[in-house]
Amino acid sequence: MTSNFENKNILIGISGGIAAYKIADLTSRLIKLGANIKVVMTDNATKFIHPLTFESLSGNQVYHDTFQRTDRWDIEHIALAKWADLFLIAPATANVIGKAAGGIADDLLSTTILATEAKTIFAPAMNTVMYQKPVVQDNINKLKGMGYIFISPGKGRLACGDWGEGKLADLDTVIHYMENQLCPDRDMEGLRVLVTAGPTYEPIDPVRFISNRSSGKMGYAIAEECIQRGAKVDLVTGPTNLSPPAGACIYNIKTAEEMYETVLELYEKANLVFKTAAVADYRVKEVASNKIKKGQGPMTLELVRNPDILLELGQRKVEQILVGFAAETEELEENALTKLQDKNLDFIVGNDVSTGESGFQSDSNQGILYSRDGGSTHIPLMNKREFAHRIIHEIIKQL
Ligand SMILES: Cc1cc2nc3c(=O)[nH]c(=O)nc-3n(C[C@H](O)[C@H](O)[C@H](O)COP(=O)(O)O)c2cc1C
């Protein structure tokens, strides 16, 4: 059986992280899948694992010196950059991510990242504190916004002894991402998809608002997946810290009422709608025009219902396929199926947000996709990008 890697030129960039040893296994697996592999290492990476390992596994010279002369008159970083069908940087250190985000090219790996036009995937691996540092997250978001792909690291015991986010994603996930880039499913070409994401802000006065913990990550991941599969995507988003997915048409809103109006305007043209936004059910009846001063006793805010956007979409549905999300802390199945019926949905993704492993703010998710015809598919814990891929794959299959 031929694999999607057959005769594909895969350039692997290894930077100086402890997970560098795992790339030996990855190289061996890709070779068995028929890929041609060349490896670029940073000088620091060669302190973690010897280039000889990769030379033996790939059958090719390992590159790490920009100024090293070979017998052929090739400028190495340009030749490698052109050779690659796909460029994977794994493990990607905080340093190499920072250099790529800043356009720095001071060694062979960073210069090749800048010189290539090949699809480039980063698989970061580092200590949790490093990974969660705002500067690292900003760099990742900046690169994502430019179209670079990131494979979120897993959680677990790290080599430094800490527990948390930062382990190199498991190799099956890495291979899956690579395969997806080499042979992307283009089964959504011609479709227009409306995605809502993030929280809403319901103002109390000019400086305060009511909101929720939604990060927008799930909706952004769905938008990215639909774009990759060829769809035109309208993303209506509440305030988030995320970079907008490259290629999406972005509509920034703040309140539930703004989201309601924008979504209804776009709804008619949509073929598929993913309602991942966590829209506030209530808003403050009288928004104060000046900052409310604190008094002596308790304070009461009168809240009124916001429009139920999903219900409205269900009622106005013509041919659109409507997908809802139910983040529940108890009786997941019952609550999700009731929502599916009541709101006239075609699919609903029920997820248990009680554990903290998945759902709001987390990079990962797990859940059950219920369909109108009574079917259900369990999707285990995985990062949200992968989760989006699985949901959409199932929905397209069933349609
Ligand atoms: C034992 C050890 C393990 C390290 N592991 C990581 C890691 O997993 N991720 C990371 O970003 N940096 C890690 N570092 C720090 C990097 O090696 C350091 O930032 C280096 O400058 C990266 O260089 P490079 O990106 O050019 O390879 C580690 C350092 C040591 C000494």
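Note that the coordinates shown come from a computational prediction; the quantities given were computed from them, not determined experimentally.

S.K.: When you look at the environment of Ala 115 in this model, what are you seeing that I'm missing?
M.R.: Along the chain, Ala 115 falls in helix 6 (residues 108-115). Placed 265 residues apart in sequence, Ala 115 and Pro 380 show a C-alpha to C-alpha distance of 38 Å. Setting aside its immediate chain neighbours within four residues, Ala 115 contacts His 77, Ile 78 and Ala 81.

S.K.: Explain the sheet that holds strand 3 (residues 62-63) here, please?
M.R.: Across a sheet, paired strands are connected by hydrogen bonds in the backbone, their directions being either parallel or antiparallel. The sheet built from 6 strands is open, its strands ordered 3-2-1-4-5-6 with parallel pairing. Where the open sheet ends on each side, the last strands, each with one partner, are strand 3 and strand 6 (149-150). Examined bridge by bridge, strand 1 (residues 9-14) and strand 4 (residues 86-92) share 4 bridges and lie parallel to one another. Looking across to strand 4, one finds that Ile 10 is bridged to Leu 86. Its contacts with the sheet place helix 9 (residues 171-182) against strand 1, strand 4, strand 5 (119-124) and strand 6, and it is angled at close to 160° to strand 4.

S.K.: Explanation requested: the sheet that holds strand 14 (residues 272-275) in the structure shown.
M.R.: The strand order 13-12-9-14-17-18-19-20 describes an open sheet built from 8 strands, whose pairing is mixed. Strand pairing shows two members of the sheet lacking a second neighbour, strand 13 (249-252) and strand 20 (376-383), which therefore form its edges. Neighbouring strand axes in the sheet, compared pairwise and without regard to direction, differ in orientation by 15° on average. Where helix 13 (residues 332-342) meets the sheet, it contacts strand 17 (321-328), strand 18 (347-352) and strand 19 (364-371), and its direction lies at approximately 155° from that of strand 18.

S.K.: So what exactly am I meant to see when it comes to helix 6 here?
M.R.: Taking burial as the measure, the 8 residues of helix 6 include 6 buried ones, the bulk of the element. Of all the positions in helix 6, only Leu 108, Leu 109, Ser 110, Thr 111, Thr 112 and Ile 113 are classed as buried.

S.K.: Mind showing me how you'd approach the packing of aromatic side chains here?
M.R.: Each aromatic ring pair is characterised by the separation of its centres together with the angle its planes make. For the structure on display, the rule yields 3 aromatic pairs. When the ring of Phe 122 is compared with that of Tyr 148, the centres are 5.7 Å apart and the planes differ by 70°; the resulting orientation is edge-to-face. Placement of Phe 122 in strand 5 and of Tyr 148 in the loop between helix 8 (134-145) and strand 6 is noted, with a sequence separation of 26 residues between them. A residue is classified by how much of its surface remains accessible, and Phe 122, at 0% relative accessible area, is buried. The class for Tyr 148 is partly exposed, based on a relative accessible area of 22%. Ring geometry for Phe 122 versus Phe 150: centroids 4.9 Å apart, planes at 5°, classification stacked. Here Phe 122, found in strand 5, pairs with Phe 150, found in strand 6; they are 28 residues apart in sequence, far enough to count as distant. An aromatic cluster of at least three residues, connected via ring pairs, comprises Phe 122, Tyr 148 and Phe 150. Residue placement shows Lys 38 over the ring face of Trp 83; its charged tip is 4.7 Å from the ring centre. The ring of Tyr 282 carries the charged tip of Arg 305 above its face, separated from the ring centre by 5.6 Å.

S.K.: Quick question: what am I supposed to make of the site of the ligand here?
M.R.: Not every one of the 14 residues close to the ligand is listed here, only the nearest: Gly 16, Thr 42, Thr 93, Ala 94 and Ala 125. One of the backbone nitrogen or oxygen atoms of Ala 94 is found 2.9 Å away from an oxygen atom of the ligand. One nitrogen or oxygen atom from the side chain of Asn 95 is found 2.9 Å from an oxygen atom belonging to the ligand. With the chains in place, 64% of the 640 Å² that the ligand exposes on its own is no longer accessible. For the shell around the ligand, the element with the most residues is helix 5 (residues 94-102), which contributes 3 residues. Here the shell around the ligand is composed, by residue class, of 7 nonpolar, 7 polar and no charged.

What counts and what doesn't
- Residues numbered from 1 in each chain as written.
- Predicted model: local features only at pLDDT ≥ 70, side-chain atom pairs only at ≥ 80, totals over all residues.
- Heavy atoms only, no water.
- Helix = DSSP H or I, 4+ residues; strand = E, 2+ residues; numbered from the N terminus.
- Contact = heavy atoms within 4.5 Å.
- Pairing = 2+ DSSP bridges.
- Axes fitted to C-alpha atoms, helices over the stretch in contact; angles between N-to-C directions.
- Buried < 20%, exposed > 50% of the residue type's maximum accessible area, 1.4 Å probe, protein only.
- Phe/Tyr/Trp six-rings, centres within 6.5 Å; stacked < 30°, edge-to-face > 60°.
- Lys NZ or Arg CZ within 6 Å of the ring centre and 35° of its normal.
- Near = heavy atom within 4 Å.
- Polar contact = N/O pair within 3.5 Å; in protein donor to acceptor, adjacent residues only side chain to side chain.
- Areas by Shrake-Rupley, 256 points an atom, 1.4 Å probe, with all protein chains shown as cover.
- Nonpolar A, V, L, I, M, F, W, Y, C, P; charged D, E, K, R; others polar.

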